[in-house]
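A structural walkthrough
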Amino acid sequence: MTASNTDTDCDVCIIGSGAGGSPVAWRLAKAGQSVIVLEKGPWLEDQHFRKDELACCRRAVYTPEKRLEPHVVEDRDADGAWVAKSTAESGWDFWNGNLVGGSSNLMSGFFHRLKPVDFRQLEELGPIAGANRANWPIGYADLEPYYDQVERLVGISGAVTEHPNLEPRSSADFPYPPTLEHPVSAWIDDACERLGYHALRVPRAILSRGALGRRACEYSGYCGSFGCSSGAKGGARAAWLTPALATGRCDIRPRAQVLRLLSDARGRVTTAEYADAEGKVRQITAKRFVVACQAVETSRLLLNSPGPKFPNGLANNSGQVGRNLLFSAGGSGSGDLEYAALGAERAVALKTMGPFVNRALDDWYLIEDKGFAGAGNEHRYKGGIVEFLLAHPNPTGLANRAKWRNGELVWGLPLKRRLEQWFRTDRTLRFEVFCDWLPTDDCFVSLDPKVKDRWGQPVARIRIGHHPHDLQVGRYLADKAERVLKELGAARVRSSISGAPPPNLMAGGCRFGTDPKTSVLDADCRAHEVENLFVTDGSFMPTGGSVPYTWTIYANALRVAEGMLG
């Protein structure tokens, strides 16, 4: 065990080793502080990540058994009443990769920065009835230097090209050239140009050449939802924790489930109490504590940690812990590019496996269209992005979807013929829509009054209400994406927009702000009420933006760590 003095076990105890915790561990350990990281999941290395389709898609290898560690989800029924159901019954999974490095091990690595408007939505776009829209207490310029650092420290591959919505940058280009691109990328560029759209080359947190002690991408085609066996993917374990360990001042403890944080009569956190792999309860004392368990579990841990000054949960005298939970709104769609309709040369090109599509559209990050009637300011609305990708090559997932047709189970020879058709006649080009999930009073985390986990702790109850405006924006963007697929000549173009939250894209619950009555954290992500408690996962975000969160979480965690060093 590393120790800074005889009073505490370490300078800083970090709960959670994913995107929010690991940059803090790296920065503080590099600066000479002793750090202990507590992670509830196992410690897996590159060699453990085989392209195991059953582990990915059929078995809960990277997440807890819902029977032992459920959540309770509150959703509306057909009459509009809220109905609570355990995920042990529904099968819905709100866990996202419990292992050292967290869910960033399993990400696809689409890396987008937020844009300046994301930091001042209330100021620029005005309020929306039924939504708790807020400005951030910092601006884009405050975070930009850390976005830039992440590019070099994590290893982001890409190429800066002139684009109408390019974010302000302090460096001319990305440190690594783009990853290899699939032939369909050029087809998308051409189709977008014909439509008057501006296809955007997407940066990836994937090394295009060996660097930083890691190998380059090997283009297996198995990326999203799978761990990376080459180390090319810039997940938290590979990018931050490995170099943090090299300092000799960072101690990572896997299979350590933190049960509660203990605080003293002054309101300072003194101890993290956790259950180890054998179920034995242990304690860590530290000068400062950083919580980064992902949004739902961070709020749950604080609510499960009452103390002398916090009868309703740590840092929760305002009643704000757990409120304004966010997900990424939107949906997805697809179209099938049929080999027979392409001609021999293009058909062969389309069958290429491995390289990435790396294309997105952000032309409607702000919607200024008189034909769109959403909530808020007249004719100026927050929009989002569209990300293009080829359907995952994993046949297990495909077969699992193919087994149903019109509500009837398909099996045996008919299933074989259906799969043969799916694999041999076309290739599916998909798109995903990312837009803001507006913060509302109907989306929050609380403690379930009855259901407890394997350690006897109350589990998180998650109410998942969405704002109707989210669906309007999602549909607007999906219609634009469908036009691209039709321009490409795709058959069976379809899309779906839903108010069901994607559990892998969660934020909020401990928003930062300047008013302790309406926020949990100050601008430095330190709890207003607890001077030695910081939260550095996506919980701090008062609004989510319209892109995947990981780059912003990395950058903000670096910013907070810098502030902790004074």
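Values in this document were obtained by computation on a predicted structure and should not be read as measured data. (Residues numbered from 1 in each chain as written. Predicted model: local features only at pLDDT ≥ 70, side-chain atom pairs only at ≥ 80, totals over all residues. Heavy atoms only, no water.)

1. Quick word on the UniProt feature "domain: Glucose-methanol-choline oxidoreductase C-terminal" (unreviewed entry) in the chain
- Residues given the UniProt feature "domain: Glucose-methanol-choline oxidoreductase C-terminal" (unreviewed entry) here are residues 439–557.
- Annotation note: span residues 439–557, helix share 24%, strand share 27%, distance between end C-alpha atoms 22 Å. (UniProt positions renumbered as here; feature names shortened; annotations may be inferred. Helix = DSSP H or I, 4+ residues; strand = E, 2+ residues; numbered from the N terminus.)

2. Here's the deal with the side chain of E482
- Relative to the elements of secondary structure, E482 occurs in helix 13 (residues 468–487).
- Only 2.6 Å separates the side chain of E482 from the side chain of S495, close enough to count as a polar contact.
- With sequence-adjacent residues up to four places away left out, E482 is seen in contact with F431, R475, V493, R494 and S495. (Polar contact = N/O pair within 3.5 Å; in protein donor to acceptor, adjacent residues only side chain to side chain. Contact = heavy atoms within 4.5 Å.)

3. Details of the environment of L521
- Within the secondary structure, L521 sits in the loop between strand 21 (506–509) and strand 22 (533–535).
- The class of L521 is buried, set by a relative accessible area of 0%.
- For the pair L521 and V321, spaced 200 residues apart in the sequence, the C-alpha separation amounts to 9.7 Å. (Buried < 20%, exposed > 50% of the residue type's maximum accessible area, 1.4 Å probe, protein only.)

4. Structural notes on the packing of aromatic side chains
- The final tally for this structure, using the stated rule, is 21 aromatic pairs.
- Aromatic pair F49 and Y62: ring centres 6.2 Å apart, planes at 55°, arrangement tilted. Pair noted here: F49 is in the loop between strand 2 (35–38) and helix 2 (53–57) and Y62 is in the loop between helix 2 and strand 3 (72–76), with a separation of 13 residues, a long-range link. In this pair, the class of F49 matches that of Y62, namely buried.
- Ring geometry for F174 and W551: centres 6.5 Å apart, planes at 45°, overall tilted. (Phe/Tyr/Trp six-rings, centres within 6.5 Å; stacked < 30°, edge-to-face > 60°.)

5. Here we look at the side chain of T536
- Structurally, the position occupied by T536 is in the loop between strand 22 and helix 14 (550–565).
- Within the local environment of T536, its side chain forms a polar contact with the backbone oxygen of G20, the two atoms lying 2.7 Å apart.
- Sequence-distant contacts of T536, defined by excluding residues within four places in its chain, comprise G20, G21, V24, V290, V291, A292, I553, A557 and V560.

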